[in-house]
Amino acid sequence: MVITERLAQLRRSMAQHGMDGYVVVTDDFHGSEYVGDYFKARAYLSGFTGSAGTLVVLPDRAALWTDGRYFLQAADQLAGSGIELMRMGQPNVPTIPAFLAEQLPEGGALGFDGRTVSSSFARTLEKALAAKHVRLTGEQDLVDGVWPDRPALSDKPVWELAGCGLTRSEKLAKLREKMAESDAAYLLLTSLTEIAWTLNLRGGDVACTPVFLGFLLLTKEDAVLCARAGAVGEEVKASLAADGVRLADYEGIYGLVRALPRGTRVLLDGATANYRLTQSVPDGAETLDRPSPIVPMKAVKNAVEQENLRRAHLADGIALTRF
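The present account deals with the structure reproduced in this document. (Residues numbered from 1 in each chain as written. Predicted model: local features only at pLDDT ≥ 70, side-chain atom pairs only at ≥ 80, totals over all residues. Heavy atoms only, no water.)

### Concerning the overall build of the protein chain
Now for step 1: When you go through the protein chain residue by residue, the secondary structure sums to 13 helices and 14 strands.
Now for step 2: The C-alpha radius of gyration of the protein chain comes to 21 Å, within 12% of the 20 Å expected for a compact globule of 323 residues.
Now for step 3: Along the three orthogonal principal directions, the C-alpha set of the protein chain runs to about 60 × 55 × 40 Å.
Now for step 4: Burial analysis of the protein chain (323 residues in total) assigns 48% to the buried set.
Now for step 5: Taking the intrachain contacts of the protein chain between residues at least 6 apart in sequence as the baseline, contacts between residues at least 24 apart amount to 66%.
Now for step 6: Both charge centroids of the protein chain, one from 35 positive and one from 40 negative side chains, sit 2 Å from each other. (Helix = DSSP H or I, 4+ residues; strand = E, 2+ residues; numbered from the N terminus. Rg over C-alpha atoms; globule rule 2.2 N^0.38 Å. Buried < 20%, exposed > 50% of the residue type's maximum accessible area, 1.4 Å probe, protein only. Contact = heavy atoms within 4.5 Å. Lys, Arg positive; Asp, Glu negative; His and termini not counted. Charge placed at Lys NZ, Arg CZ, Asp CG, Glu CD.)

### Topic: the pairing of strand E14 (residues 286-289)
Now for step 1: With four bridges connecting them, strand E13 (residues 265-268) and E14 associate as parallel partners. Across the sheet, the residue bridging to Leu267 is Leu288, located in E14.
Now for step 2: Regarding topology, helix H11 (residues 275-280) serves as the crossover connection from E13 to the parallel E14, and that connection is right-handed. (Pairing = 2+ DSSP bridges. Right-handed = clockwise from strand over helix to strand, strands pointing away.)

### With respect to unusual backbone geometry
Now for step 1: Residues other than glycine seldom take positive phi values, yet Asn92 does so here, at roughly 65°.
Now for step 2: Of note, Asn92 is situated in the loop between strand E4 (84-87) and helix H4 (96-103).
Now for step 3: Residues other than glycine seldom take positive phi values, yet Cys208 does so here, at roughly 65°.
Now for step 4: Relative to the assigned elements, Cys208 resides in the loop between strand E9 (201-202) and strand E10 (214-219).
Now for step 5: On the accessibility criterion, Cys208 (85% relative accessible area) is exposed.

### Structural notes on the packing of aromatic side chains
Now for step 1: Tallied over the full model, the rule gives 10 aromatic pairs.
Now for step 2: When the ring of Phe29 is compared with that of Phe39, the centres are 4.8 Å apart and the planes differ by 85°; the resulting orientation is edge-to-face. In this pair, Phe29 is assigned in the loop between strand E1 (21-24) and helix H2 (41-46) and Phe39 in the loop between E1 and H2, connecting sequence segments 10 residues apart. With respect to class, Phe29 is no different from Phe39; both count as buried.
Now for step 3: Ring centres 5.3 Å apart and planes at 75° place the aromatic pair Phe112 and Tyr275 in the edge-to-face group. Within this pair, whereas Phe112 is found in strand E5 (residues 109-112), its partner Tyr275 is found in helix H11, the two being separated by 163 residues in sequence.
Now for step 4: Classification of Phe112 as buried rests on a relative accessible area of 0%.
Now for step 5: An aromatic cluster is defined as three or more aromatic residues linked by ring pairs; in this entry it consists of Phe29, Tyr38, Phe39, Phe215, Tyr250 and Tyr254.
Now for step 6: Its guanidinium or amino end placed over the ring of Tyr44, Arg6 lies 3.8 Å from that ring's centre, counting from NZ or CZ.
Now for step 7: Taking the ring centre of Trp197 as reference, the NZ or CZ of Lys171 above it sits at 4.2 Å. (Phe/Tyr/Trp six-rings, centres within 6.5 Å; stacked < 30°, edge-to-face > 60°. Lys NZ or Arg CZ within 6 Å of the ring centre and 35° of its normal.)

### Considering the sheet that holds E14
Now for step 1: Strand order in the open sheet made by the six strands is E12-E11-E10-E8-E13-E14, with mixed pairing throughout. Of all strands in the sheet, those with a lone pairing partner are strand E12 (245-249) and E14, marking the two edges. Averaged over neighbouring strand pairs, the angle between their axes works out to 20° when direction is ignored.
Now for step 2: Relative to E10, strand E8 (residues 186-189) runs antiparallel, the two being bridged by four bridges. Along E10, the bridge assignment pairs Leu189 with Leu216.
Now for step 3: Together, E8, E10, strand E11 (223-227) and E12 form the strand contacts of helix H8 (residues 192-199), whose direction differs from that of E10 by roughly 55°. (Axes fitted to C-alpha atoms, helices over the stretch in contact; angles between N-to-C directions.)

### Here's the deal with the pairing of E4
Along a regular strand, successive side chains alternate from one face of the sheet to the other.
Now for step 1: Judged from the four bridges that link them, strand E3 (residues 61-66) and E4 form a sheet pairing that is parallel. From the neighbouring strand, Leu64 faces E4, where its bridge partner is Leu85.
Now for step 2: After leaving E3, the chain enters helix H3 (residues 71-78) and then returns to the sheet as E4, a path that is right-handed.

### Some thoughts on the nonpolar core
Now for step 1: Grouped together as the largest cluster of nonpolar side chains are 53 residues, with contacts concentrated most on Leu225 and Ile253.
Now for step 2: Leu225 has contacts with Ile195, Leu199, Phe212, Phe215, Leu216, Leu240, Val245, Arg246, Leu247 and Ala248, leaving out every residue within four places of it along the chain.
Now for step 3: In this structure, Leu10, Ala62, Leu64 and Trp147 belong to the second largest nonpolar core, which totals 25 residues. (Core = buried A, V, L, I, M, F, W, Y, C linked by side-chain atoms within 4.5 Å.)

### Let's talk about the environment of Ala62
Now for step 1: As for its placement among the helices and strands, Ala62 is situated in strand E3.
Now for step 2: For Ala62, a relative accessible area of 2% corresponds to the buried category.
Now for step 3: If we skip the residues at most four places from it in the chain, Ala62 touches Arg11, Val56, Val57, Gly82, Ile83 and Glu84.

Spelled out as C-alpha cells, the structure:
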C-alpha cells in the first residue's frame, strides 16, 4: 500500500468519526525520545523515517513538520506522497498550532491518539484553537485501522539491575518525601527512564535504550506498576512485592487514575504524561503538573554510580581502541 492510499484510508476514517483534522506524533505513550516499532505510526503513514516529526492530515491537505537535521531526508522520502514538508524554524513556516488555527473550521474537531500526545502539547493546541471553538478528541487511534500488519506492543523480559547505590525502597522513600512537600497523595510516573531508575529495573522494549513499557502510580503507603503482562517474571514480581510494589495491567493505568478519590492531589509531569491520562483525572481531584522530582535526583550521582560511570567509560574506550 502506497502512502497516498494510507492517507486516503485515514481520511475516510476521519470522516466517519467527524474529524476535520488528525495529528500523528512520533512519541509513544510516555513521551520517549526513541520508540518501539509499534509506535512508528508517523513513519508508516508518511514514509518519513527520521526520529523527529509530526504529521497533520486534513481532508484535502497533509503536512509534516521536522527540524533541520532531517530537511534533506524528509524532502526525499516525502516526494510523491502529496505531503508538504514544513521546515521548522525557517522563515514563513507556521507552527503546528498556528497552521491548525488557520486551516480548521469554526466549531470543528481535531483528533489524535491521546495516549501519544503529551498534555503540554495538547494544552498548546487548545489555546491556539480556542477562538474557533475547535474540540480536541483524543480517544481514537485511527492509525490502527489503517495499519493491518502493525507490530505488536513489545513485552521483552524485565530484569533487576544490581549496583545502583540506592535500593528500590530507599528511592521510593525519597519520592514520598517529595510528595509530602507538595501535599500530594499520589505521584504518577510516566517517563520510562524515570520508572526504570526508581525501581532499579531494566528492559528491552526500545532499541538501544534499556527500558520497559510501564506506568508507576505511587501512594504514601504502596505503589502500582502497570506493565505488560508477559514482561515481568515471578522472581522480579516477588522482589517488587517485598518493597510494596504490586503489578497491574499496562492499560489499567487509565482506570486507576479515573478511580482517584475526590479531594486528593496527584503530582505528575505534563511533559511526559499523555493527554488521555491527564483527562482521566476525575473532577474533584487536583492535578499538580510540575517537573518530575526524579530529574534532579537522577542528576546527582552517588558513589556507586560514579564508579560505574568510570568503569563504563573504560570499557567503551577499550572497545573503541580495539575497533
